[in-house]
Each structure stands twice: as C-alpha cells, then as structure tokens.
Amino acid sequence: MYRIVHSLSLDRLEYVDSHCHLDRYENVDEILQRAWEAGVRCIVSISVHRENTARVIEISERFPWVYASAGLHPCDVDDDPLEDLESWLVNKALHNKVLALGETGIDLQDKSPPLARQLQAFEAHVNAALHTGLPLIVHIRGGFDAFFDFWKHWDKNTPLGVLHCFTGTWNQAKAVLDMGWYLSFSGIVTFKRNGALSEVAEKVPANRFILETDAPWLAPEPYRGRENEPSYLVYTAKKIAELRCCSTSEIQYCTTENFYRLFGKIQKVY
C-alpha cells in the first residue's frame, strides 16, 4: 500500500514494542525518551475503541518512530453500534501511520459482553483486514475454543494476524502457528507462575514471535505490580533469551525482523 522499505543490519539491533497504550500516559514524552534510551526504536500504540483512536493516531503523528492501530476491543463492543464498524476500520486504515486493525478478538470473563456481539465486531475486523491488507491484532482471554471455531468460517481466505499477549498452551500455540499467524509475548513470560508460557516461548519458531509490553499494564519482573512502560521490554527479551538458551541480541534481531515482516515495510528513522 504505502509502506517504505525497511532494512535491518546485524550491527544495528533494536527492540520493537508491538503493543502498548501510549494514550494512557500523561507524560508521553518522558515515556518515549526512556524507551529510546533502552533501545526501543519502534512502538505501536493500540486503539481499543473509536473515542481513543484519534488520540492514538495523534501521538503517532508526533513521533516518526511511533505507529498506531485502529480497532474495537471485545470488552468495548456493548458501547458501539457495530453497524458501520467495518467501513470505519477501512477508512482508518487509509492513514499512513495505521499499521494494523485491532485490538479485536474474544474475551470470556464474568463481566464480558455477549459472545455474539464480540464475534460480530471480530468479523467486521476480519473483513476490513481482507479489504485493506492490514494484519489483525487479536486479544483472546478465556476464549480459545470460541476463537478456533470462529476461524473455521474463513477457511483459507484469512488475513495475517498476531495473538497479542499470548498466554495459552503449546497445543494452542501450534494451532495459531498453523494458521500462519504470529505469537506476541509480554512481561507475563517473566513471572514465576506463568502456566505453560515458558514452554511456548522456548518452542515457538524463531521466525514466528514478536515482543510487546501491553504497557501501562503487565510490567515484567523486576517491576511487576508497578506501572509498565515500553523501556521495560528489555526484561521480557532477556527472559526469552534465557529460556531459549541464546543471546539477547538474537531475540532483538529475530523479533524485529518478524515485526517488520508482519506489519509491513516502514521506514527506520535513525
């Protein structure tokens, strides 16, 4: 569409925070300064409903190395009419700083909206992604069975996507990988009790995962319980390197390459 060729050399390694919420900070400039100093060279700020999308895009316009998504979170579908959601997404995708659609998906908690409305919104995102060629950023919490059942509807006519903040099992991870999708790891992988996530981070192919913070939430160890920020991405990378018995530089390299392969060809700004 409107992507500029990106090239990454082995001697210029970087981190990419593929999923955070910069509109949640009052001190965005300070947050981004610390991220840059930590080696983070690209950030995607995520949209969760129509009202915050303007702010997310506005922040991306201020900083050449910050990008945005456009989407409706499954927990917010009751506050949206949904009828024109697909056309709204297609329109937002025209903006040159919007790299993806989402976050969308399925959230099955006690107070979550009805599954039928979540799936209606999810379908609008899938159709918009097929129309625009942008990948999907997908949130799944307590809903892997519903997700895989939903996905059968599209058969082979599916867009690319990533399951953000992946917390599933290795069998669930393999099913996602078989779709041609990517997994994204957050600070949860650094927690001592992270379910099967350590196994997934160890086994996932090097060309099929990326990194994120989901900041300001889910701060990794040693900052667990505090407000998270993109500069803390380094701790997630170090933990994954430890699990995979490789160097942090290798994690930087493969996750950055994976990010640019998934999200399009964008220009480096340094």
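Residues numbered from 1 in each chain as written. Predicted model: local features only at pLDDT ≥ 70, side-chain atom pairs only at ≥ 80, totals over all residues. Heavy atoms only, no water.

Undergrad: Explain the pairing of strand β4 (residues 98–107) here, please?
TA: Side-chain direction in a regular strand flips from residue to residue, so the side chains alternate between the two faces of the sheet. In terms of residue burial, β4 counts as a mostly covered element, since ten of its ten residues are buried. Bridge analysis of strand β3 (residues 66–70) against β4 gives three bridges, and the strand direction is parallel. Bridge pairing links S69 to A100 in β4. As defined by bridge partners, β4 adjoins strand β5 (residues 136–141) across five bridges and the pair is classed as parallel. The partner of D107 across the bridge, within β5, is R141. (Buried < 20%, exposed > 50% of the residue type's maximum accessible area, 1.4 Å probe, protein only. Helix = DSSP H or I, 4+ residues; strand = E, 2+ residues; numbered from the N terminus. Pairing = 2+ DSSP bridges.)

Undergrad: Sorry, what's going on with the pattern of salt bridges here?
TA: Oppositely charged side chains can pair when the atoms bearing their charge come close. Following the criterion strictly, the structure yields ten salt bridges and no others. A salt bridge links R50 to D84; the shortest N-O distance between them is 2.8 Å. Of this pair, R50 sits in helix α2 (residues 50–62) while D84 is found in the loop between β3 and α3 (85–92), placing the two residues 34 residues apart along the sequence. Among the residues examined, R50 registers a relative accessible area of 18% and is labelled buried. The residue R141 makes a salt bridge to D107 at a minimum N-O spacing of 2.7 Å. One end of the pair, R141, is in strand β5; the other, D107, is in strand β4, with 34 residues separating them in the sequence. Owing to a relative accessible area of 41%, R141 belongs among the partly exposed residues under this scheme. (Salt bridge = Lys/Arg side-chain N within 4 Å of Asp/Glu carboxyl O.)

Undergrad: So what exactly am I meant to see when it comes to the sheet that holds strand β2 (residues 40–45) here?
TA: Pairing between the strands of a sheet is mediated by backbone hydrogen bonds and can be parallel or antiparallel. Sheet architecture is open: eight strands sit in the order β1-β2-β3-β4-β5-β6-β7-β8, paired in parallel fashion. Of all strands in the sheet, those bounded by a partner on one side alone are β1 (15–20) and β8 (209–211). Taken over all neighbouring pairs, the strand axes of this sheet differ in orientation by 30° on average, direction set aside. Against the sheet, α2 contacts β2, β3 and β4, and its axis sits at roughly 160° relative to β3. Strands β4, β5 and β6 (161–163) of the sheet are contacted by helix α5 (residues 144–151), whose axis makes an angle of about 140° with β5. (Axes fitted to C-alpha atoms, helices over the stretch in contact; angles between N-to-C directions. Contact = heavy atoms within 4.5 Å.)

Undergrad: Could you clarify how one ought to interpret the pairing of β3 in this entry?
TA: Judged by how many residues are buried, β3 sits mostly within the fold: five of five residues are covered. Side-chain alternation along β3 places V66, A68 and A70 on one buried face and Y67 and S69 on a second face that is also buried. As paired elements, β2 and β3 share three bridges and run parallel to each other. Within β3, the position partnered with V44 by the bridge is Y67.

Don't take any of this as a statement about function, it's just geometry.
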